[in-house]
Amino acid sequence: MTDLVERLVPDELWVLFRRVVPPTEVIRPQGGGRRRAGDREALAAIIFVATSGCTWRQLPPVFGPSWQTVYRRFAQWSRARVWARLHRVILDELGARGELDWSRCAIDSVSLRAAKGGH
């Protein structure tokens, strides 16, 4: 499993992701319970679902966390705008390295609202 997780979430991506994910606060007033599933494993599972086209329920158990845990983490991170911040951090990192080619950039009407009356 470690190989799959490291392939889907290489160290460089993991470092960037940790910069944008909100800190986790586990509150168990009575103590006990299960250990919280790792963020890296959950992120790898989310990437797997996004790239493979499988449903959350079809998520292979090899990742560790259950599909419910992975989906819950995806929803939490979506509400916290982690994906938008991660996208920005990745673009900033690539830009700082000179690895962005803005000549291949396009904006369409879906991305940018057109002015009324076509002006």
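Residues numbered from 1 in each chain as written. Predicted model: local features only at pLDDT ≥ 70, side-chain atom pairs only at ≥ 80, totals over all residues. Heavy atoms only, no water.

As annotated in an unreviewed UniProt entry, the protein chain carries the name Insertion element IS402-like domain-containing protein and comes from Streptomyces avermitilis.

### Quick notes on the packing of helix 3 (residues 39-52) against helix 4 (residues 67-79)
Stated precisely, the cut-off is as follows: For helices, the axis comes from a line fit to the C-alpha atoms of the stretch in contact; other axes are also lines fit to C-alpha atoms, and the angle between any two N-to-C directions lies between 0 and 180 degrees. Helix numbers and strand numbers start at the N terminus; a helix is a DSSP run of H or I with at least 4 residues, a strand a run of E with at least 2. Oblique is the label for any angle not covered by the other classes, which are roughly parallel (under 35 degrees), roughly antiparallel (over 145) and roughly perpendicular (65 to 115). In what follows, residue pairs with any heavy atoms lying within 4.5 Å of each other are defined as contacts.
Running from N to C, helix 3 and helix 4 point in directions that differ by 90°, and their axes come no closer than 9 Å. Put simply, helix 3 runs roughly perpendicular to helix 4. Facing helix 3, whose interface residues are D39, A42, L43, A45 and I46, helix 4 presents V70, R73, F74 and W77.

### As for the packing of aromatic side chains
Think of a pair of aromatic rings as described by two things: how far the centres are apart, and how the planes are tilted against each other in angle. So the rule is basically this: Centres within 6.5 Å are what make two rings of Phe, Tyr or Trp a pair, Trp counting through its six-membered ring; a difference in plane orientation under 30 degrees is then read as stacked, over 60 as edge-to-face, and the rest as tilted.
Counted under the stated rule, the structure contains 9 aromatic pairs. Taken together, a centroid distance of 5.0 Å and an interplanar angle of 70° make the contact between F17 and W77 edge-to-face. Separated by 60 residues along the polypeptide, F17 in helix 2 (residues 11-20) and W77 in helix 4 bring together distant segments of the chain.

### Quick word on the packing of helix 2 against helix 5 (residues 82-97)
The angle between the axes and the distance between the axes are what describe a pair of packed helices. For clarity, the threshold we go by: Crossing handedness is read from the near helix: turned anticlockwise from the far helix by less than a right angle, it gives a left-handed crossing, and turned clockwise, a right-handed one. Under the convention adopted here, Pro, Cys and the residues Ala, Val, Leu, Ile, Met, Phe, Trp and Tyr are nonpolar, Asp, Glu, Lys and Arg are charged, and Gly plus all remaining residues are polar.
At a minimum axis separation of 9 Å, helix 2 and helix 5 run at an interaxial angle of 125°. When the axes of helix 2 and helix 5 are compared, the pair comes out oblique. Relative to helix 5, the crossing made by helix 2 is right-handed. On helix 5, the residues that touch E12, L13, L16, F17, R19 and V20 of helix 2 are V82, W83, R85, L86, V89, I90, E93 and R97. Tallied by class, residues from the contact of helix 2 with helix 5 come to 9 nonpolar, no polar and 5 charged.

### Describing the nonpolar core
Stated formally: Residues belong to a common nonpolar core when they are buried Ala, Val, Leu, Ile, Met, Phe, Trp, Tyr or Cys residues joined through side-chain atoms within 4.5 Å. Exposure is judged per residue with a 1.4 Å probe applied to protein chains only, and the accessible area is read against the type maximum: over 50% gives exposed, under 20% gives buried, and values in between give partly exposed.
V9, F17, F63 and W77 are the most contacted members of the largest nonpolar core, which totals 23 residues. Going through the elements one at a time, helix 1 (2-8), helix 2, helix 3, helix 4 and helix 5 are the ones with two or more residues in this core. The greatest single-element share of this core, amounting to 6 residues, is contributed by helix 3. Residues within four places of V9 in sequence aside, it is in contact with W14, R40, L43, A44 and I47.

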